Amino acid sequence: MSERSGPAKMIFVTGGVVSSLGKGIAAASIGRLLVERGLKVTIQKFDPYINVDPGTLSPFQHGEVYVTDDGAETDLDLGHYERFIEESLSQANNVTTGRIYIEESLSQANNVTTGRIYQDVITKERRGEYLGSTVQVIPHITDEIKSAVRRLTPNYDVVITEIGGTVGDIESLPFLEAIRQLRSDAGRENTLFIHLTLVPFMAAAGELKTKPTQHSVRELMEIGIMPDILICRAEHELGEDLRRKIALFCNVKSEAVIEACDVDTIYEVPLIFHAQNLDQTVVDKLGLDVPAPDLTAWRALVERVKRPTQGGVRVAVVGKYTDLVDSYKSIQQALVHGGIANDVRVQTDWLSSEDFNGPEDATRLADYDALLVPGGFGVRGVEGMVRVIQWARENGLPFFGICLGLQSAIIEFARNVCDLEGSHSREFAPECDDPVVSLMDSQRKVTDMGGTMRLGAYPCQLADGSLAAKVYGLSEISERHRHRYEVNNEYREVLGSQGLRMSGLSPDGMLVEIIELTGHPWYIATQFHPELKSRPAHPHPLFASFIEAAVRRRGERGAGELKAVGVGE
């Protein structure tokens, strides 16, 4: 819509029965379909935990921390939103309960937590802004939640809000009450409730059961929310009879019962929804007169993911949190995007760096076409990273290091090439002889852990004639960061004298952003996180080039066609 004629439409996505049904993917897929219809769409996440943001949460509990351009540490679902609707989000798109209680700038609207909500409210109470009133969940907390939605509406045709957690959780009740009030405030014609639920298959009975969905909807209705559309996750097709039954018992129309079975790739979900006219149902219920979507390019993208014509490559990701792949969700997706760019399937094996205890363990990498060492915090597993990077350097295996991967590469090179055997990072060995990685000056007096790192997008200047400059095709770039430690400038000369090129620097030349190795087939490490800016329709150039190098390596080692071992999410 070139010119919005009325108020922004608001879509609220809730979940029931169990967690991890894929509300984020559902919200992102709906967003993609509406974008393809010419609408300006944004998505935000309400998280019901008390943390102000996910920055201090363990990756094993919550998956990766997704960082936006403006430095917000947010839920990983914001990564799905950005990848699907191809718009850079901000701190405004992730709201936590804790966040509602501290004042933040308007740009922090995309990820809201319970903790942040309460922080804002308490700050206002301390200032006396409530004029002596007793501060309560209703109306003060719910009003702050509603404000978090409304502050996004002026610039968009549609605002999609995902409510984290499961209906019935005590933590999410203020959010559900707030969106109930928003329908009353904005009108039924401007709001839409979509409920994602589970229809389990009982193997013993050989049938799908709708009772959990009925109970979940009933619980939502008891709160005062009547779902307009149901998205039903199931292992098997629902069939028309089950659709009618669910529609009858849950008080929705049959065409508003959408089937959501597992698919080969998450990028297929918008096509599955469109095939069931979900996007048409949405625009009809919201009174939006918009053209049908042109999904030609998206279909071609999905086809490339599912059936690449150039075979496949094997990539080893050696990291600290590989037991939970969600800890590296954006890297997982960026590798898929690199495969799209090269029309190959990327088989990713997630290997724990703790399993590489001796030099001989690294020989396992001989069966792979490329190595990626991702970010992380703490000393656990770092020596394993150093060993696999050494093997990749000595054996010409394409190597991509990210954040801690760059720092591990600096340690490895200093020890094994520059003969600085006491090299380490001050993060792991504060009293080491050669601290080739050290704390940034700006971090030396920082004591709080949350939101205090170098966060968000920063510019980087690329050296003329470098591989990085060739890959990007630019002389200056902007990438997102999340770290405290940097390459120690006192060692740049000795590292460079042995062939390690500092090919990307901050504009003032004081911070090393990219390193590469002269004479190696493909050896790049970055202090920033390029995976955060990769999109399926626009793969990040570093990941596209990395997978291209893996294809060349595959040809050199004469590897055969890979089996379809999981197409990737």
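Because the structure is a prediction, the values reported are computed rather than measured.

Visitor: When you look at helix α10 (residues 278-285) in this model, what are you seeing that I'm missing?
Guide: Along an α-helix, a turn takes 3.6 residues, which lines up residues three or four apart on a common side. Here α10 has its buried residues at Leu278, Asp279, Thr281, Val282 and Val283. Residues of α10 that are buried sit in contact with β1 (9-15), α1 (23-36), β8 (191-198), β11 (229-234), β12 (257-261) and α9 (269-275). Once α10 ends, the next one or two residues include Gly287, with phi positive near 70°.

Visitor: What's the story with empty space enclosed by the protein in this structure? I'm lost.
Guide: Over the atoms rolls a probe the size of a water molecule, and its path tells where empty space is left. Applying the stated criterion across every chain, the model contains 1 cavity of 30 Å³ or more. Of the voids in this model, the largest cavity is the one considered here, and its volume is about 30 Å³. Lining the largest cavity are Thr14, Gly15, Ile163, Gly164, Gly165, Thr166, Val167, Ser172 and Leu176. Of the residues assigned to the lining of the largest cavity, the class counts are 3 nonpolar, 6 polar and no charged.

Visitor: What exactly am I supposed to notice about the pattern of salt bridges here?
Guide: Should the charged atoms of two oppositely charged side chains come close, the side chains can pair. Under the definition given, this model contains 37 salt bridges. Lys306 is the salt-bridge partner of Asp264, the closest N and O atoms lying 4.0 Å from each other. Remark: Lys306 occurs in helix α11 (residues 296-306) and Asp264 occurs in the loop between β12 and α9; sequence separation between them is 42 residues. In this structure Asp264 comes out as partly exposed when scored by relative accessible area, which is 45%. For Lys306, a relative accessible area of 16% gives the class buried. Shared partners join several salt bridges into a network, and the residues in it are Lys45, Asp47, Asp75, Asp77 and Glu162.

Visitor: Would you mind showing me how to read the sheet that holds strand β18 (residues 434-439) here?
Guide: Hydrogen bonds between backbone groups are what pair the strands of a sheet, and the pairing can be parallel or antiparallel. Strand order in the open sheet formed by 3 strands is β17-β18-β21, with mixed pairing between adjacent strands. The open sheet has two free edges, formed respectively by β17 (423-425) and β21 (485-487), since each of these has just one partner strand. Each strand axis lies, on average, 30° off the axis of its neighbour in the sheet, ignoring direction. Strand direction decides the pairing type here: β18 and β21, joined by 3 bridges, are antiparallel. Of the residues in β21, the one forming a bridge with Val437 is Val487. Where helix α14 (residues 404-416) meets the sheet, it contacts β17, β18 and β21, and its direction lies at approximately 165° from that of β17.

Visitor: Looking at this structure, I do not really get the nonpolar core. What am I missing?
Guide: Nonpolar side chains in soluble globular proteins generally cluster together in the buried interior. Counting residues in hydrophobic clusters, the biggest one holds 61 residues, and the most contacted among them are Ile11, Leu34, Ile160, Ile231 and Phe273. For this core, the element with the most residues is α1, which contributes 7 residues. Those residues in contact with Phe273 that sit more than four places away from it in its chain are Ala26, Ser29, Ile30, Leu33, Ile231, Ile258, Ala260, Leu278 and Asp279. Among the nonpolar cores identified, the runner-up in size contains 42 residues, and Ala392, Leu404, Leu406 and Cys418 belong to it.

Visitor: Any chance you could explain the layout of surface pockets here in plain terms?
Guide: One number sums up the size of the largest pocket: a volume of about 1000 Å³. Of all the secondary-structure elements, those providing two or more residues to the lining of the largest pocket are α1, β2 (41-47), α2 (59-62), α3 (77-85), β11, β12 and α9. Per-element tally for the lining of the largest pocket: the top contributor is α1, with 4 residues. Taken together, the residues that form the lining of the largest pocket break down as 16 nonpolar, 12 polar and 13 charged.

Visitor: Hey, could you run me through the confidence of the model for the chain in this one?
Guide: The predicted structure's coordinates, where accompanied by low pLDDT, should not be read in detail. On average, residues of the chain carry a pLDDT of 90, and 90% of them reach 70 or more. Predicted confidence is poor over residues 99-107, with pLDDT under 50, and the contacts of this stretch with residues over four places away or in other chains come to 58 contacts. Long-range and interchain partners of residues 561-569, a stretch whose pLDDT sits below 50, account for 24 contacts in this model, where long-range means more than four residues apart.

Visitor: Teacher, can you tell me more about unusual backbone geometry here?
Guide: The general pattern is negative phi for most residues beyond glycine and trans for most peptide bonds. Cis rather than trans, the peptide bond between Ile138 and Pro139 has omega equal to 20°. With respect to the helices and strands, Pro139 occurs in helix α5 (residues 137-150). The phi dihedral of Val17 falls on the positive side, at around 80°, and the residue is not glycine. Tracing the backbone through its elements, the reader meets Val17 in the loop between β1 and α1. In this model, Glu86 sits at a positive phi of 55°, which is unusual for a non-glycine residue.

Visitor: Got a minute to help me understand the packing of helix α13 (residues 382-395) against α14 in this structure?
Guide: The angle between the axes and the distance between the axes are what describe a pair of packed helices. Contact pair α13 / α14: the axes reach a minimum separation of 9 Å and the direction vectors enclose 70°. Taken together, the axes of α13 and α14 lie roughly perpendicular to each other. Both α13 and α14 take part in a crossing whose hand is right-handed. The residues of α14 that touch α13, namely those facing Val382, Glu383, Met385, Val386, Ile389, Gln390 and Arg393, are Leu404, Gly405, Ser408, Ala409, Ile411, Glu412, Phe413, Arg415 and Asn416.

Visitor: Just to check I follow, could you spell out α11 for this structure?
Guide: Residues of α11 that are buried include every one of Trp298, Leu301, Val302, Val305 and Lys306, and no others. End-on view of α11: buried residues confined to an arc of 130°, all on one side of the axis. Summarising the geometry of α11, the exposed residues directed more than 90 degrees from the buried face are Thr296 and Ala297. Where α11 is buried, its residues touch α1, α3, α9, α12 (329-342) and β14 (345-352).

Visitor: Would you mind going over the sheet that holds strand β15 (residues 370-373) with me for this structure?
Guide: Spatially, β14-β13-β15-β16-β24-β23-β22-β19-β20 is the arrangement adopted by the 9 strands of the open sheet, whose pairing is mixed. The sheet is open, and its two borders are formed by β14 and β20 (476-483), each paired with just one other strand. Each neighbouring strand pair of the sheet contributes to a mean axis angle of 25°, computed without reference to strand direction. The pairing of strand β13 (residues 312-319) with β15 spans 3 bridges and is parallel. Residue pairing for β15: Val317 is matched across the bridge by Leu372. In the packing of α14 onto the sheet, the strands contacted are β15, β16 (399-402), β22 (500-505), β23 (512-517) and β24 (523-526), and the crossing angle to β16 comes to about 115°.

Rules and cut-offs
- Residues numbered from 1 in each chain as written.
- Predicted model: local features only at pLDDT ≥ 70, side-chain atom pairs only at ≥ 80, totals over all residues.
- Heavy atoms only, no water.
- Buried < 20%, exposed > 50% of the residue type's maximum accessible area, 1.4 Å probe, protein only.
- Helix = DSSP H or I, 4+ residues; strand = E, 2+ residues; numbered from the N terminus.
- Contact = heavy atoms within 4.5 Å.
- 1 Å grid on protein atoms, 1.4 Å probe; cavity = no way out; pocket = protein on both sides within 12 Å on 5 of 7 lines; lining within 4 Å.
- Points joined across faces, edges and corners; volume = space filled by probe spheres on them.
- Nonpolar A, V, L, I, M, F, W, Y, C, P; charged D, E, K, R; others polar.
- Salt bridge = Lys/Arg side-chain N within 4 Å of Asp/Glu carboxyl O.
- Pairing = 2+ DSSP bridges.
- Axes fitted to C-alpha atoms, helices over the stretch in contact; angles between N-to-C directions.
- Core = buried A, V, L, I, M, F, W, Y, C linked by side-chain atoms within 4.5 Å.
- pLDDT = per-residue confidence, 0-100.
- Parallel < 35°, antiparallel > 145°, perpendicular 65-115°, else oblique.
- Left-handed = near helix turned anticlockwise from the far one by under 90°.
- Arc of directions from axis to C-beta.

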